[in-house]
Amino acid sequence: MNIFLRLFLYLLGALTVAGLVAGVAVGVWVYSLLSELPDYQALQKYEPPITTRVHAGDGSLIAEFARERRLFVPYEDIPPRVIQAFISAEDKNFFTHPGIDVWGIVRAALDNVFNYLEGRRLEGASTITQQVAKNFLLSGEVRFDRKVKEALLAFRIEDAYSKEKILELYLNEIYLGNGSYGVAAAALNYFDKALNELSVAEVAYLAALPKAPSTYHPIFRKKAAIARRNWVIGQMEENGYVSRSEAEQARNQELTVFFRPVGAQTAEAEYFAEEVRRIIMQRYGEQSLYDGGLIVRSTIDPRLQRIGIKALRDGLERYDVRHGWRGPVAHIELGDEWEKRLKAVPRYSDVTEWRLAVATEIRDDQSVLIGFEDGGRGIIPLTELTWARRFISDKERGPEVKAAADVLAVGDVIYVERIGDSGDTYGLRQVPGVNGGLVAMDPHTGRVLAAVGGFSYFQSEFNRVTQAMRQTGSSFKPIVYAAALDSGYTPSSEVMDAPFVIEQGPGLPLWKPENYSDDFLGPTTLRMGLAKSRNLMTVRMAHAIGMEKVVDYALRLGAARTMPPLLSMSLGANDTTLIELTSAYAVFVNGGRRIEPTFIDRVQDRHGKTIYRHDNRECPGCRAAGWTSGSTEPALAAPGKEVLDPRTAYQVVSLLEGVVNYGTGTAVKEVGVPLAGKTGTTNDEKDAWFIGFSPDLVVGVYLGFDQPRPMGHGETGGGIAAPVFRDFMKAAIGDQPAVPFRVPLGITLIRVNRLTGKATSSGDPKAIMEAFKSGTGPDTGTDLLEGEYAARYDENGDPAQRPVDTGTVSSGTGGLY
């Protein structure tokens, strides 16, 4: 045999043996890899981290909380154009290959030869199925064995799941930059649109991102982003998904994005959204909050929230203006690029009406020219600067402002606000040193409709509605009066308004409380005592009925968490939060039932199952199989537990109407609808309160420094807190029809003189219809329970709908004159 033939056969045999050995080795290696593969069936139970979304009472989105901002969308709800864009960009043979794309691998290998020689980034050839395997089941490390595992898993996944399921997993998991996981979240976070609202250009941009989101950033790498987007559009055209004209139009479209904020979605909702976040965190834990995809229906009414913010800010600014100018926000050097230096100054971006500006020129001492970071210009006339007398203390200001230079200097950075529609005319503004809170609730359900925790959330996240413990002052007095009315007193009972002195104990000085006005009225009715907020009457009454009873009422109504039975507590020396005291006032207007305030109506899990509902009352009759003409209307129990006699509750309401009509709360009277409430001022004017209500809305307001200190003489609840309540109520319900307070059964309305409490005639200018528990009033008068009551009120005490002759009784409510 020819030696060359023998050598060839020998080599062939050796190669065959080596090939068999290598094949066996590869087979063993692949088998070992197969045994190491993760369980691909875990994909069937895929529950990715999903964004928790918080909605307002009207359904609008107010906040999102997530570590990975993702909204899961089933395949059938993903628009075809979105699928076509990602198929074109990532894996055009997706619907035909078995998990890996052999021709794609060959093509990528050839391209990578040139990429390597030219120093460019090497291309991958992973299919969408392989990306699912890598993203869900494998690590991202670059190793050959990991790539083989990826391919093996891709085959298994293709065998186990439909193409549609694989695409569903991919499009919900893929990271697309800007904190967005999945296409639905990306559509919202980049364009503030739902998937079905995206244009071809917008869909193509999202499909351009899986390769390298940061490389195609729409702002910092805009040119590269547009080029990659247009490449995707070209692929869609080549694959027949869009026409030539559609593709051309999409390529010419500008790349404009709208980055949605993390957390609260509007500046107005910051305090409310943070309170909801705290509640969810406490109730369900961190993982459920940030990964659980909870659907939270909150109680916020966006309209009332905006009204509350404006009312509180206006009130804080009114106080602050009276106490002078504390100086500019900052000072910068003018010159080249001063706009950049101005832009770097921190500001409170949630006060959207204000802008940060710099004084560029003082013109003839009559005005100040200002500039903005965007190059805009404006002017502040002297008339808008005269309020800015130099702050010396809460009791003292500097001399009057006679020239613009008395207030500002060139380079001063200040807040300004446009004056009306005046174009370039602005007013000088200052962040108040004082702060406060406002809360509005439905008194019948406890739903918190608005909660403003301070002047600016960006200034301070501390929520003064729920977190600030403050002394209540005279706003606590209605609770003392409620206890007295249940102890034999009537609204017409007289209590001595005279000096009161009591020993406090061994080694302690005598306690001698005083009236705010430092005078005495002698024998005075309960009505006038509460209307004029007489301290000595309240102390004397609390001493007579016993502080243990007052404390019991305070705890029962929820006005305090703990309280020692000391007489000073009757004048509001106890600490409580604004929301707790406001909830206690709700007991008066809702007929004596204690309700728990809530920021959340309902919580659902990611599957839509309700896991919490605030209103958990049972209504068996609501589940009736059918309805006939003889069926009884289902009865639903009133929310909450009765903690106060409904008659006593109404008597307090009637007395508090007097506070508004002729007492310390007359600033509220101009709203023009039936209102009741109480002012409160603590020692040295450290806290100013007003808590009040209409028949269906209870609102609490307080103002004070975060580190309590005197606000200045005369800065009382009636002077600074009541106007905030007034402004809120005027905007919230001032244009609505007047609705009287509901009178319960067991109340007799008798015409009396409001000063003396004695029965009187309709011709008396001081006459009112006083509310007495049946059998406790004067012997003469009009008993509405036996006469007009049945016609004018239904069995629940609600105003009757049918017209009646009301005679001389003004609207049928107590405390009106």
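Our subject is the structure that appears above.
Residues numbered from 1 in each chain as written. Predicted model: local features only at pLDDT ≥ 70, side-chain atom pairs only at ≥ 80, totals over all residues. Heavy atoms only, no water.

Remarks on the overall build of the protein
A count of helices and strands for the protein gives 22 helices and 29 strands. Counting all 817 residues of the protein, 51% fall into the buried class. Of the contacts made within the protein by residues no fewer than 6 positions apart, 69% connect residues no fewer than 24 positions apart. (Helix = DSSP H or I, 4+ residues; strand = E, 2+ residues; numbered from the N terminus. Buried < 20%, exposed > 50% of the residue type's maximum accessible area, 1.4 Å probe, protein only. Contact = heavy atoms within 4.5 Å.)

Observations regarding unusual backbone geometry
Phi is positive for Asn 178, which is not a glycine, with a value near 55°. Phi angles above zero are rare outside glycine, and Asp 518 is one such case at about 60°. Of note, Asp 518 is situated in the loop between β18 (494-497) and β19 (522-525). We classify Asp 518 as exposed; its relative accessible area is 55%.

Here we look at the environment of Thr 716
Position of Thr 716 relative to the elements: it lies in the loop between β27 (697-704) and α21 (717-733). Thr 716 sits in the buried class, given a relative accessible area of 16%. Sequence-wise, Thr 716 and Thr 679 are 37 residues apart; in three dimensions their C-alpha atoms are separated by 8.0 Å.

Looking at empty space enclosed by the protein
Here the structure, examined in full by the defined rule, presents three cavities of 30 Å³ or more. Its volume calculated, the largest cavity comes out at about 70 Å³. Listed by contribution, the elements that provide at least two residues to the lining of the largest cavity are α11 (270-284), α13 (302-322) and β16 (448-452). No other element matches the three residues that α13 contributes to the lining of the largest cavity. Class assignment for the residues of the lining of the largest cavity results in eight nonpolar, four polar and four charged. (1 Å grid on protein atoms, 1.4 Å probe; cavity = no way out; pocket = protein on both sides within 12 Å on 5 of 7 lines; lining within 4 Å. Points joined across faces, edges and corners; volume = space filled by probe spheres on them. Nonpolar A, V, L, I, M, F, W, Y, C, P; charged D, E, K, R; others polar.)

Details of the packing of aromatic side chains
Under the counting rule described, the total for this entry stands at 20 aromatic pairs. A centroid spacing of 5.2 Å and a plane angle of 85° characterise the contact between Tyr 271 and Tyr 457, whose relative ring orientation is edge-to-face. Of the two residues, Tyr 271 is situated in helix α11 and Tyr 457 in the loop between β16 and β17 (470-471); the sequence distance between them amounts to 186 residues. Of the two residues examined, Tyr 271 and Tyr 457, each falls in the buried class. Ring centres of Phe 693 and Phe 741 lie 5.8 Å apart, and the angle between their planes is 90°; on these two criteria the pair is classed as edge-to-face. (Phe/Tyr/Trp six-rings, centres within 6.5 Å; stacked < 30°, edge-to-face > 60°.)

Quick look at the pattern of salt bridges
One pass over the structure, following the stated rule, counts 43 salt bridges. We note a salt bridge from Glu 248 to Arg 251, for which the minimum N-O separation is 3.6 Å. Residue Glu 248 and its partner Arg 251 are located together in helix α10 (residues 244-251), separated by three residues, close to a single helical turn. A relative accessible area of 41% means that Glu 248 is categorised as partly exposed. Looking at Arg 251, the relative accessible area reads 24%, which means it is partly exposed. One salt bridge in this structure joins Arg 447 and Asp 601, with 2.8 Å as the shortest N-O distance. Here Asp 601 lies in strand β22 (residues 600-604) and Arg 447 lies in the loop between β15 (435-441) and β16, a separation of 154 residues in the sequence. For Asp 601, a relative accessible area of 19% corresponds to the buried category. Linked through salt bridges whose partners overlap, the residues forming this network are Arg 318, Glu 670, Arg 726, Asp 727 and Lys 730. (Salt bridge = Lys/Arg side-chain N within 4 Å of Asp/Glu carboxyl O.)

A word on a nonpolar patch on the surface
Among the surface-exposed residues, Ile 219, Phe 220 and Phe 259 lie close enough to one another that they form a single nonpolar patch of about 340 Å² accessible area. Inspection of the secondary structure puts Phe 220 in the loop between α8 (200-208) and α9 (222-238). (Patch = residues over 30% accessible without salt bridge, like charges linked within 9 Å, V, L, I, M, F, W, Y side chains within 5 Å. Areas by Shrake-Rupley, 256 points an atom, 1.4 Å probe, with all protein chains shown as cover.)

Notes on the nonpolar core
The nonpolar side chains of a soluble globular protein tend to be buried with one another. Of all hydrophobic cores here, the largest spans 88 residues; its most connected members are Phe 588, Phe 599, Ile 600, Leu 656 and Phe 693. Among the elements that make up this core, the one with the highest residue count is helix α19 (residues 578-589) (nine residues). Dropping the residues within four chain positions of it, Phe 693 is found in contact with Tyr 585, Phe 588, Val 589, Val 653, Leu 656, Pro 674, Leu 675, Ala 676, Val 698, Phe 725, Met 729 and Phe 741. If you look at the next biggest cluster of nonpolar residues, it comprises 53 residues, including Tyr 170, Leu 176, Ala 184 and Ala 208. (Core = buried A, V, L, I, M, F, W, Y, C linked by side-chain atoms within 4.5 Å.)

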